[in-house]
Amino acid sequence: MRDNSSATIAGAVTAGRAGGLTLGALGVLGFSLSLPATRVAVQQHLDPWFVAFGRAVGAGLLAWAYLRLTGAPRPSRGQWRRLAVVALGVVVGFPLFTSLALSTQTSAHGAVVIAALPAMTAVFAVLRAGERPPPLFWVASIGGLLAVLAFLGAGGEVTGTLALPDLFLLTAVVLCGLGYAEGGALARELGGARTICWALLLALPVTVPVTLVAAVADRPHADALGWSAFGYLTVVSMFLGFFAWYAGLARGGIAQVGQVQLAQPVLTLGWSALLLGESVTPASVAAAVVVLACVVLVQRTRRSELAARRARPGPV
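Just so it is clear, the model here is predicted, and its values are computed rather than measured. (Residues numbered from 1 in each chain as written. Predicted model: local features only at pLDDT ≥ 70, side-chain atom pairs only at ≥ 80, totals over all residues. Heavy atoms only, no water.)

What follows concerns the overall build of the chain. The helix and strand inventory of the chain stands at 13 helices and 0 strands. Counting only residues that meet the buried cut, the chain has 52% of its 316 residues in that class. Look at the contacts in the chain between residues 6 or more apart in sequence, and 90% of them connect residues 24 or more apart. Of the roughly 14100 Å² of accessible surface on the chain, 67% is carried by carbon and sulfur atoms. (Helix = DSSP H or I, 4+ residues; strand = E, 2+ residues; numbered from the N terminus. Buried < 20%, exposed > 50% of the residue type's maximum accessible area, 1.4 Å probe, protein only. Contact = heavy atoms within 4.5 Å. Areas by Shrake-Rupley, 256 points an atom, 1.4 Å probe, with all protein chains shown as cover.)

Attention now moves to the packing of helix α4 (residues 77–101) against helix α10 (residues 224–252). Two numbers describe how α4 lies on α10: the axes approach to 13 Å, and their chain directions differ by 135°. Here α10 runs oblique to α4, going by the angle between their axes. The handedness of the crossing between α4 and α10 comes out as right-handed. Note on element contacts: α10 touches α4 through M238, F242 and Y246, opposite V86, V90, V91 and P95. Of the residues in the contact of α4 with α10, the class split is 7 nonpolar, no polar and no charged. (Axes fitted to C-alpha atoms, helices over the stretch in contact; angles between N-to-C directions. Parallel < 35°, antiparallel > 145°, perpendicular 65-115°, else oblique. Left-handed = near helix turned anticlockwise from the far one by under 90°. Nonpolar A, V, L, I, M, F, W, Y, C, P; charged D, E, K, R; others polar.)

Opposite charge on two side chains lets them pair, provided their charged atoms get close. What the rule picks out here adds up to 3 salt bridges. R39 is the salt-bridge partner of E278, the closest N and O atoms lying 4.0 Å from each other. Pair noted here: E278 is in the loop between α12 (263–276) and α13 (282–311) and R39 is in helix α2 (residues 34–43), with a separation of 239 residues, a long-range link. You'll find E278 and R39 in the same group, each marked buried. (Salt bridge = Lys/Arg side-chain N within 4 Å of Asp/Glu carboxyl O.)

Further remarks concern the nonpolar core. By size, the foremost hydrophobic cluster in this structure holds 63 residues, and its most contacted members are V90, V91, Y180, F242, W245 and Y246. Ranked by the residues each element gives to this core, the list is headed by helix α8 (residues 164–190), at 11 residues. Non-local contacts of F242, meaning those with residues more than four positions away in its chain, are made with F31, V90, Y180, G192, I196, V236, S237 and A247. Ranked by size, the runner-up nonpolar core spans 11 residues in total, among them A37, A41, F230 and L233. (Core = buried A, V, L, I, M, F, W, Y, C linked by side-chain atoms within 4.5 Å.)

Turning next to the confidence of the model for the chain. Confidence in the prediction for the chain averages 83 pLDDT; 82% of positions are at 70 or higher. Long-range and interchain partners of residues 5–14, a stretch whose pLDDT sits below 50, account for 0 contacts in this model, where long-range means more than four residues apart. Counted against residues more than four places away or in other chains, residues 156–160, with its pLDDT under 50, gives 8 contacts. (pLDDT = per-residue confidence, 0-100.)

With that settled, the discussion passes to the environment of A217. Summarising the element assignment, A217 is placed in helix α9 (residues 192–217). Put simply, A217 and F50 are 167 residues apart on the chain and 9.9 Å apart in space, counted from C-alpha to C-alpha.

Once that is clear, we can look at the packing of aromatic side chains. For the structure shown, the criterion picks out 14 aromatic pairs. Relative to W227, the ring of F50 lies with its centre 6.3 Å away and its plane at 85°, an arrangement referred to as edge-to-face. With F50 in helix α3 (residues 48–70) and W227 in helix α10, this residue pair connects regions lying 177 residues apart in the sequence. By way of ring pairs, the aromatic residues F31, Y180, F242, W245 and Y246 are connected into one cluster. (Phe/Tyr/Trp six-rings, centres within 6.5 Å; stacked < 30°, edge-to-face > 60°.)

At F242, α10 shows its strongest bend, of approximately 45°. N-cap assignment for α10: the residue whose side-chain oxygen lies 3.1 Å from the backbone N of L225 is D223. The positive-phi residue at the C-terminal boundary of α10 is G253, with phi of around 100°. (Bend = angle between axes of the 7 residues up to and from the residue. Polar contact = N/O pair within 3.5 Å; in protein donor to acceptor, adjacent residues only side chain to side chain.)

Over its 14 residues, α12 extends 19 Å from the first C-alpha to the last, a length consistent with the 20 Å expected when each residue adds 1.5 Å. Immediately beyond the C-terminal end of α12, within one or two residues, lies G277, with a positive phi of roughly 70°. (Expected span 1.5 Å × (residues − 1).)

In structure tokens form, the structure reads like this:
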């Protein structure tokens, strides 16, 4: 009976991880079009501030409807504080700084910088969990960041200092990694859908006024392509994508499912070339490969540390 119970538990864990990876892959697929869609929206004369905050307002209204229909219980005081971190990272920070960056930079260029996001997510997951990973973890994390900085420095856009769009992209990576890690952990308590919905609702007092000011200062006008890109950012990038992503992180684990992010920069480079006709240079591919190799090392060293911690005998 004990053996059967163990087998049942092991099967449930395996199924949970498989489901988490599937949900994580769906989220990454949706997110992989975020940079190209943002590039299209700002190229179609939509103000970057309107794109960043307007999509959060639209997604916030969808979130309100979802929470109302499902009768979701209100988060606790401690959960509200953690939701504020999620909102700062993925509702406000990442959309704003990528929109500002892609006003003058290509999405293919941005994809290389965003390749450092999985490592940043792992770093924040370590910091918030109080883990003590081996030195190799930090070597790989710093190596990925240095590869991104080397790519930016060799790209011809900078002379001695980073260009402003590159600083925007790096800021977006840091804030998004924080929001991913905190949201993935919080989704274990609230569920993936409710985590992003409450974060969107919490951000409305900020996103609504900024959207209105941006719309008055520069009246939104774009063709069907521009508004379609904005609609995608609202419904998929800011709403449905997080349903799958946070649920995947909660079910399969931040360290395990976080590896699925390895596909995101490759997909984004492909979408940028296919949909926008942007050139993908050998330097971009080389930098992306180096960053992805560092991310693989980050994830493996973290998994090894977690396995070692579970194997240590507890107090008698």
